[in-house]
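# A closer look at the structure
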Amino acid sequence: MHAIRDGHSPARSSDLLAFAVVFATVLCTLIPAHDLRRLAQVMVLALPAMCLLLWPVEALRVCRLRALFVGLWAGGFMIDGAVRAYLARTYQASADSALVLTAVANTGTGESVEYLSMYWPAMLPWVAVLMAGGLAMAWALRRTAVSPVQAGVPRANGARMPLLRRWSALLLCAVLLLSALAYALKPWRRLHPLVFWSDWVASVQELRDEWADQDELRQRTLARAAGLQPTVLSEGPSTVVVVISDSVNRDNLGLYGYTRETTPRLERLRDELGDAFLVLRHAWSVDAGTLASLRNLFWFGNYNAPEPMHVLALARAAGYHVTWISNHDDIAIDQSHAAFADRIERLSRTPGRSNRSADIDTLKPLRAALADPQPRKLIVVHLMGAHPHYSFRYPKGANPFDDGFDVVEHELEQEGRPVWLQVLRDEYDAALLHHDTVLAETFELLRQAPGSGDYRAWLYLSDHGQEVGHDADHAGHSSHTVAGFRIPAIVWQNQARSTLPADAWRRPFRVDWTGWTLAHLLDVRWQGDDRGRDVLDAAYRWADPQLPVSVASFEN
Ligand SMILES: [Zn+2]
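What you see is a predicted model; the values in this text were computed from it and never measured.

### Here's the deal with the sheet that holds strand E8 (residues 455-462)
A sheet is described by the order of its strands in space; here seven strands give the open sequence E3-E12-E8-E2-E7-E5-E6, paired in mixed fashion. Since the sheet does not close on itself, it has two edges, and those belong to strand E3 (277-279) and strand E6 (343-346), each with one partner. Within the sheet, the average angular offset between the axes of one strand and its neighbour, ignoring direction, is 10°. Each of strand E2 (238-245), strand E5 (321-326), E6 and strand E7 (376-382) is contacted by helix H14 (residues 363-371), which is oriented at about 170° to E7, the strand it contacts most. Its contacts with the sheet put helix H16 (residues 419-448) on E2, E3, E8 and strand E12 (489-493), and the angle it makes with E8 is roughly 165°.

Shown next, in the form of structure tokens:
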């Protein structure tokens, strides 16, 4: 710095200073937005325009034009960085994640204002960073937009010039070469703010179009369901509660034989209720992800049929009042399933894995829904369950598995699972222990709801399983190991619609056939009914599903 300031060429030194300020400012705003590799890539994309400042320019007009161009260019990169950093800090999500895209696509102007009025404090630091950076750049760039002659400074071609020139030339060549390469490669080019955000706008529009189609499909399905004239066979009031959990692998439930006591409350219910509390031993999801699984669950595994039927549309057409209570913040699920309900109760305002909203908070709207005087009620409760991050799924400190050495840890160690995975397994099991409480409470609410003689049913299942060091050194959703598909499923009725064989718990069960079992609990009959897929019916006929992993036996 001193060398520059003491140099014999004030014009050149102001250019150099401007370059340094612009470079540092852009770099500083990009650091919180990217990891190191991305940061390097974006900086390489940003450099060519900044390097214009190293180019000796004489004419004042050209100087001004250059300052304006560099300012706009750098400003674009800075705004891009601030937006990305804000999203990463607030939602742990990238700007082009489904999460952000769906949220934006589903937001109208009014909601945008509402969002800004609610979240402006969180944005404030980033706005401050942008303003400070902008001011610094404006100051530095202004100094380059003064022609040496007009400023009254004699133009000096001092002894330092050749050295500076050699340096600048060398640097310029290296940077331009690297930049040319970056712009030639698509994955790099895509990181340029101009390219990225125009792609982004196109993606948002695409989603909006897709949802308009969903809207139309829903209206058509509701009309068709009414046309099928579904009927409820039994008389009298009936309440069916479906609890759909997320990412629960049955192998980690004490109820299913896991050595850790993760389900004390459910086990007590099983002991108390006996066969009426039907724990389906061999339950399977046919998808490893939520969206695909719920699509199969609600559309009778037949979404791609020319005229698919949605089980909630059927329930409504049969006279059920449908309430959807959700602890998920997922616009796609809302649009494709929840929107079929008469009423939606949404708890979470934070999408995805950073959702800290507790499943236990669903109890309040559930109690209210159960108290609704409607005679026939179907209530869907969609829980986060044991979805990553596991540590967000139980109260702080409520992890009894993280200290001491038990059978599970011994097994994991013997299988050579890394320590981080053992920690995650402990957290996963703690999440399931808390989940046990939530489930038991939903059950008790249903059991204790007013109307003693009414029919009541409770169906619990998970959308898919979870791999937490069962078959791989991996924690999370898994379409390449069996653990990703092994789920729990439990059915309870206070008065059975039909008599079940004593070994009904042995029957394998698959999520994409849930619609028929749910229809059984609702006691709905319609044209096109298939009792062979209803796990509670005498006519039940199992068929192995096609999974992306090979399963030795579905009865294991
Ligand atoms: Zn899921």
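### Details of the coordination of the zinc ion
Every protein donor of the zinc ion is accounted for by Asp246 (OD), Asp246 (OD), Thr290 (OG1), Asp463 (OD) and His464 (NE2), and the metal-donor separations fall at 1.8 to 2.6 Å. Coordination of the zinc ion draws on donor residues from a single chain, spaced D-x43-T-x172-D-H in sequence. Residue Asp246 is located in the loop between E2 and helix H10 (264-273), and its partner Asp463 is located in the loop between E8 and strand E9 (467-468); the two are separated by 217 residues in the primary sequence. The same class applies to Asp246 and to Asp463, which are both buried.

### So, the packing of H14 against H16
Running from amino to carboxyl end, H14 crosses H16 at an angle of 15°, the nearest separation of the two axes being 10 Å. In this view, H14 runs roughly parallel relative to H16, as classed from their interaxial angle. Crossing geometry of H14 relative to H16 is assigned as right-handed. Residues Leu363, Leu366, Arg367 and Leu370 of H14 form the contact with H16, whose own contacting residues are Val438, Glu441, Thr442, Leu445 and Leu446. Taken together, the residues that form the contact of H14 with H16 break down as six nonpolar, one polar and two charged.

### Examining the pattern of salt bridges
Under the defined criterion, the tally for this structure stands at 29 salt bridges. Between Arg497 and Asp523 there is a salt bridge, and its shortest N-O distance comes to 3.7 Å. Of the two residues, Arg497 is situated in the loop between E12 and strand E13 (509-510) and Asp523 in the loop between helix H17 (514-522) and strand E14 (524-525); the sequence distance between them amounts to 26 residues. Exposure remark for Asp523: the relative accessible area of 8% places this residue in the buried category. One connected set of salt bridges, linked through shared partners, spans Arg497, Asp523, Arg525, Asp529, Arg531 and Asp534.

### Concerning the sheet that holds strand E11 (residues 486-487)
Consider a sheet: its strands pair through backbone hydrogen bonds, and that pairing is either parallel or antiparallel. What the three strands build is an open sheet, ordered E11-E4-E13; its pairing is mixed. The open sheet has two free edges, formed respectively by E11 and E13, since each of these has just one partner strand. Judged from the two bridges that link them, strand E4 (residues 283-284) and E11 form a sheet pairing that is antiparallel. Paired with Trp284 across the strands is Arg486, a residue of E11.

### Overview of the side chain of Thr263
For Thr263, the location among the structural elements is in the loop between E2 and H10. With a relative accessible area of 1%, Thr263 lands in the buried category. Of note is the side chain of Thr263, whose polar atom sits 2.7 Å from the backbone nitrogen of Leu255. Excluding residues within four positions of it along the chain, Thr263 makes contact with Leu253, Gly254, Leu255 and Asp436.

### Some remarks on the packing of aromatic side chains
With the rule as written, the count across this model stands at 20 aromatic pairs. Judged by centre distance (5.7 Å) and plane angle (85°), the ring pair of Phe277 and Phe443 falls under edge-to-face. Taken together, the positions of Phe277 in strand E3 and Phe443 in helix H16 put the pair 166 residues apart, joining distant regions of the chain. Residue classification places Phe277 among the buried residues on the basis of a relative accessible area of 2%. Summarising the aromatic geometry, the rings of Phe298 and Trp324 are spaced 5.5 Å apart at their centres and angled 45° between planes, so their arrangement reads as tilted. One end of the pair, Phe298, is in helix H11 (residues 290-298); the other, Trp324, is in strand E5, and 26 residues separate them in sequence. For Phe298, a relative accessible area of 1% gives the class buried. Here Trp324 falls in the buried class, since its relative accessible area comes to 0%. Positioned above the aromatic ring of Tyr455 is the side chain of Arg497, whose terminal nitrogen or guanidinium carbon lies 3.4 Å from the ring centre.

### Some thoughts on unusual backbone geometry
A cis amide bond, omega -5°, links Pro388 with the succeeding residue His389. As for its placement among the helices and strands, His389 is situated in the loop between E7 and helix H15 (407-414). At Phe300, a position not held by glycine, the phi torsion is positive, near 55°. One non-glycine residue, Asp523, adopts positive backbone phi at about 60°.

### Overview of the pairing of E7
Buried residues dominate E7, accounting for six of its seven residues. Pairing between E2 and E7: seven bridges, direction parallel. Along E7, the bridge assignment pairs Val240 with Leu378. As paired elements, E5 and E7 share six bridges and run parallel to each other. Residue Ser326 lies in a different strand from E7, and its bridge partner there is His382.

Cut-offs used in this document
Residues numbered from 1 in each chain as written. Predicted model: local features only at pLDDT ≥ 70, side-chain atom pairs only at ≥ 80, totals over all residues. Heavy atoms only, no water. Pairing = 2+ DSSP bridges. Helix = DSSP H or I, 4+ residues; strand = E, 2+ residues; numbered from the N terminus. Axes fitted to C-alpha atoms, helices over the stretch in contact; angles between N-to-C directions. Contact = heavy atoms within 4.5 Å. Donors = N, O, S within 2.8 Å, 3.2 Å for Na, K, Ca; no water. Buried < 20%, exposed > 50% of the residue type's maximum accessible area, 1.4 Å probe, protein only. Parallel < 35°, antiparallel > 145°, perpendicular 65-115°, else oblique. Left-handed = near helix turned anticlockwise from the far one by under 90°. Nonpolar A, V, L, I, M, F, W, Y, C, P; charged D, E, K, R; others polar. Salt bridge = Lys/Arg side-chain N within 4 Å of Asp/Glu carboxyl O. Polar contact = N/O pair within 3.5 Å; in protein donor to acceptor, adjacent residues only side chain to side chain. Phe/Tyr/Trp six-rings, centres within 6.5 Å; stacked < 30°, edge-to-face > 60°. Lys NZ or Arg CZ within 6 Å of the ring centre and 35° of its normal.

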